[in-house]
Amino acid sequence: SFKVAQKLWIGTFTTMHIEPEHADLQKFVTVQEAARILGVSEQNVHHHIQKEHLKATMVGGRYFILREDVLNFKPNMSGRPRGSVPRWRFSPQDNLLLQTTIEVDLRAEVDEATFLRALERVKRSETYLFDGTIARYVVSDQRTPRRVQFQFFWRQTVMPPEEEVTAMLLDLQAALAEVLDWEHALSSTGHVWMHT
């Protein structure tokens, strides 16, 4: 084996012994990076390694996984599979389901990878949780992939007052100001007629 300096995800350097057959580390990712790519937790990646769903190589006390294997990996659906298709239902009149939608474009100089890193910072901060929401989505349209849609679902009885919602939205805008063109964003709030 020989020594090689490997840049870790957190930006520090360490020296480790690498077997010659593993010298091409550009083809490999760490568990942390695999979790980011797959959109799952690091614990979930370790679980797939232990169950041999993902092949990994231990190097210097860390697991490394072929990037190609991660990109081709299809994790199983979490939870138990549905036995039937959910039926449509109406929101109860005394507790309507409300949806706030914001459409905003990526800034011209921003690519998808930069945007995803910004979203990861938002996720890690656990600050932008929008009290009272029952679901939150960030979506890109396949026909216009540079347009991002934020969707927030609230129950009428627990939705905060309008000034609090506005303050939460302004905080999110500030956090993503470098990547999104908020000056031309469109937003609306309405009630959901039917849902599953």
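Look up: the structure comes first, before these words.
Model, not experiment: these values are computed from the prediction.

Scoring rules and cut-offs
Residues numbered from 1 in each chain as written. Predicted model: local features only at pLDDT ≥ 70, side-chain atom pairs only at ≥ 80, totals over all residues. Heavy atoms only, no water. Phe/Tyr/Trp six-rings, centres within 6.5 Å; stacked < 30°, edge-to-face > 60°. Helix = DSSP H or I, 4+ residues; strand = E, 2+ residues; numbered from the N terminus. Pairing = 2+ DSSP bridges. Axes fitted to C-alpha atoms, helices over the stretch in contact; angles between N-to-C directions. Contact = heavy atoms within 4.5 Å.

Draft legend 1. Examining the packing of aromatic side chains more closely. Under the counting rule described, the total for this entry stands at six aromatic pairs. Ring centres 6.0 Å apart and planes at 85 degrees place the aromatic pair Tyr-137 and Phe-153 in the edge-to-face group. Of this pair, Tyr-137 sits in strand β8 (residues 133-140) while Phe-153 sits in strand β9 (residues 147-155), placing them 16 residues apart in sequence. Three or more aromatic residues joined by ring pairs form one cluster here, namely Phe-130, Phe-150, Phe-152, Trp-154 and Trp-182.

Draft legend 2. A look at the sheet that holds strand β5 (residues 62-66). One open sheet accounts for three strands, arranged β3-β5-β4; its pairing is antiparallel. Both edges of this open sheet fall to β3 (28-30) and β4 (56-59), since each of them pairs with a single strand only. Pairs of neighbouring strands in the sheet enclose a mean axial angle of 40 degrees, with direction left out of account. Pairing geometry for β4 and β5, over four bridges, is antiparallel. Of the residues in β5, the one forming a bridge with Val-59 is Arg-62. Contacts between helix α1 (residues 31-38) and the sheet are confined to β3 and β5, with β3 contributing the most and set at about 95 degrees to the helix.

Draft legend 3. Highlighting unusual backbone geometry. Unlike most non-glycine residues, Glu-126 shows phi in positive territory, near 50 degrees. Structurally, the position occupied by Glu-126 is in the loop between α4 (112-125) and β8. Even without being a glycine, Phe-130 presents a positive backbone phi close to 55 degrees. Here Phe-130 shows up in the loop between α4 and β8.

Draft legend 4. Summary view of the pairing of strand β7 (residues 97-105). Where β7 lies against β9, nine bridges are found, and the strand directions are antiparallel. Bridging from a neighbouring strand, Thr-101 pairs with Gln-151 of β9. The pairing of β7 with strand β10 (residues 186-191) spans six bridges and is antiparallel. In the sheet register, Ile-102 faces β10, and the bridge partner there is Ser-187.

Scope: geometric values only; no functional claims are made or implied.
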